[in-house]
Amino acid sequence: MAALGTNALLGLPVGTTLDRHLLQRQNAFKGATGGLSQLLRDIALAGKIVNREVNRAGLIDITGAAGSGNIQGEQQQKLDVVANIRFIRALRNGGEVCAITSEEDDEMVQTGNTSGKYVVAIDPLDGSSNIDVNVSIGTIFSIYRRVSPVGTLPTTADFLQGGRQQIAAGYILYGSSTILVYTTGQGVNAFTYDNSLGEFILSQTQINTPDDGGIFSCNEGYFNDYPPHIKTYIETCKSRRLMGRYIGSLVADFHRNLIKGGIYLYPPTSAAPKGKLRLLYECFPIALIVEQAGGMATNGEEAILDIVPRELHQRSVFYAGSPRMIKSVMP
Ligand code: AHM
Ligand code: MG
């Protein structure tokens, strides 16, 4: 259970609703127009709808493959498609976002709101392989202020600004409970969804990840493909009797390690020599969260957030977690 406490920065106690938290944060910024708060509310709304779909997935006809593929050549699941529609619709209706890059859409989606100041990169439902078997899945999102002039059509340059330009990022974990974790660059707060109230409620304030951890998370099925220094590191974890934990859902694996202390690794493999995870809507948002919580994220050569992408669906090698563990995988 999360420790009860108050939010040191904002004086907001555990139990505060997400709406009130956003309002207080907005009021703390002179000149804030409320656009970002509205955008985050739109994401939370879509998250509630997706949470409902996930919870009754076995009862309605939305499990299994959709019969289509995404740009990564991966088969889309029905829930992937449903979640994508829900988030795009909520962001389009909210009016603050001019364009969306989604894992499920080859091209950037224009919302038609050319007066919107923001763009969103999103993986609407991450961990597709777990959808049909009742294992935790998640939504990951990243928000930028557009660089193209407001009032004009958005361009891909709005998304290719680099990880440090994110103004907010977060994820929703549909797990044993549903939790929304986000940062606007002033620490990381977590909100647990109360189904009976239909509200996300502040449950963990100013999360700090442990400096060192006892968990390593990677797909050991690819061990023979891993670079020698990663193989050595994993052998070291085993000789130290660390816990191996791997769900195969980035959000769930990362969230556990964020709270308990640990390292998530997705090294290069023969199937994915540049890594599997996508920079814009998987690596960047998780990297911003982990840095805000005192952790680190790297591709093994540089901080993930320092990378300036060239393509919307660019992939990266990804290591994230407790800082002492991440330093061990740097060559
Ligand atoms: P997805 O976006 O197609 O669901 O793929 C991303 C997922 C991550 O959630 C997870 O960490 C990783 O892929 C698991 O990959 P693998 O099955 O190769 O271990
Ligand atoms: Mg994904």
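Predicted model, so just to flag it, every value in this text is computed and none were measured.

On to the overall build of the protein chain, then. When its secondary structure is counted, the protein chain shows seven helices and 17 strands. Taken against the 2.2 N^0.38 rule, which gives 20 Å for 331 residues, the C-alpha radius of gyration of the protein chain at 19 Å falls within 12% of a compact globule. Taken along the three principal axes of its C-alpha coordinates, the protein chain extends 55 × 45 × 45 Å. Out of the 331 residues belonging to the protein chain, those deemed buried represent 54%. A fraction of 62% describes how many contacts in the protein chain between residues 6 or more apart in sequence connect residues 24 or more apart. Split by element, the accessible area of the protein chain, about 13,800 Å² in all, is 49% carbon and sulfur. The distance from the centre of the 29 positive side-chain charges to the centre of the 30 negative ones in the protein chain is 5 Å.

Our focus in this paragraph is unusual backbone geometry. Positive phi, close to 45°, is recorded for Q206, a residue that is not glycine. With respect to the helices and strands, the residue Q206 is situated in the loop between β10 (199–204) and β11 (215–217). Of note, R241 is a non-glycine position whose phi angle comes to about 60°, a positive value. One can find R241 in the loop between α4 (228–239) and β12 (243–244). Of the residues examined, R241 reaches a relative accessible area of 68% and is grouped as exposed.

To continue, consider the sheet that holds strand β4 (residues 109–110). An order of β4-β3-β5-β6-β7-β8-β9-β10 is seen for the eight strands of this open sheet, with the pairing classed as mixed. Taken across any chain shown, the strands that pair with only one partner, and hence form the sheet edges, are β4 and β10. Across six bridges, the pairing between strand β7 (residues 168–174) and strand β8 (residues 178–183) is antiparallel. Within the sheet, the bridge partner assigned to Y174 lies in β8 and is T178. Against the sheet, helix α5 (residues 250–260) touches β5 (118–126), β6 (137–145), β7, β8 and β10, its axis set at about 105° to β7.

Bringing the site of ligand 1 into the picture now. Not every one of the 18 residues close to ligand 1 is listed here, only the nearest: D126, Y246, L250, Y264 and Y266. The side chain of Y264 places a nitrogen or oxygen atom 2.6 Å from an oxygen atom of ligand 1. At a separation of 2.5 Å, an oxygen atom of ligand 1 approaches a polar side-chain atom of Y266. If you list the elements that add at least two residues to the shell around ligand 1, you get β5, β13 (262–266) and β14 (277–278). When residues are assigned to domains, the shell around ligand 1 turns out to be shared by domain 1 (33–176) and domain 2 (215–329), each giving three or more.

Taking strand neighbours across the sheet as the criterion, the five strands line up as β12-β11-β13-β17-β15 in an open arrangement whose pairing is mixed. One side of each edge strand has no neighbouring strand; the edge strands of this open sheet are β12 and β15 (296–298). Strand direction decides the pairing type here: β13 and strand β17 (residues 318–321), joined by four bridges, are antiparallel. The residue of β17 that forms the bridge with Y266 is F318.

Once that is clear, we can look at the domain arrangement of the protein chain. Structurally, the protein chain comprises domain 1 (33–176) and domain 2 (215–329). The straight-line distance from the C-alpha centre of domain 1 to that of domain 2 is 22 Å. Taken together, the contact between domain 1 and domain 2 spans 39 residues of the former and 31 residues of the latter. Taken together, both faces of the contact between domain 1 and domain 2 bury some 2,500 Å²; the carbon and sulfur share is 61%.

Cut-offs used in this document
- Residues numbered from 1 in each chain as written.
- Chains lettered and ligands numbered in written order.
- Predicted model: local features only at pLDDT ≥ 70, side-chain atom pairs only at ≥ 80, totals over all residues.
- Heavy atoms only, no water.
- Helix = DSSP H or I, 4+ residues; strand = E, 2+ residues; numbered from the N terminus.
- Rg over C-alpha atoms; globule rule 2.2 N^0.38 Å.
- Buried < 20%, exposed > 50% of the residue type's maximum accessible area, 1.4 Å probe, protein only.
- Contact = heavy atoms within 4.5 Å.
- Areas by Shrake-Rupley, 256 points an atom, 1.4 Å probe, with all protein chains shown as cover.
- Lys, Arg positive; Asp, Glu negative; His and termini not counted.
- Charge placed at Lys NZ, Arg CZ, Asp CG, Glu CD.
- Pairing = 2+ DSSP bridges.
- Axes fitted to C-alpha atoms, helices over the stretch in contact; angles between N-to-C directions.
- Near = heavy atom within 4 Å.
- Polar contact = N/O pair within 3.5 Å; in protein donor to acceptor, adjacent residues only side chain to side chain.
- Domains from an automatic or database assignment.
- Buried area = accessible area lost by both parts, 1.4 Å probe.

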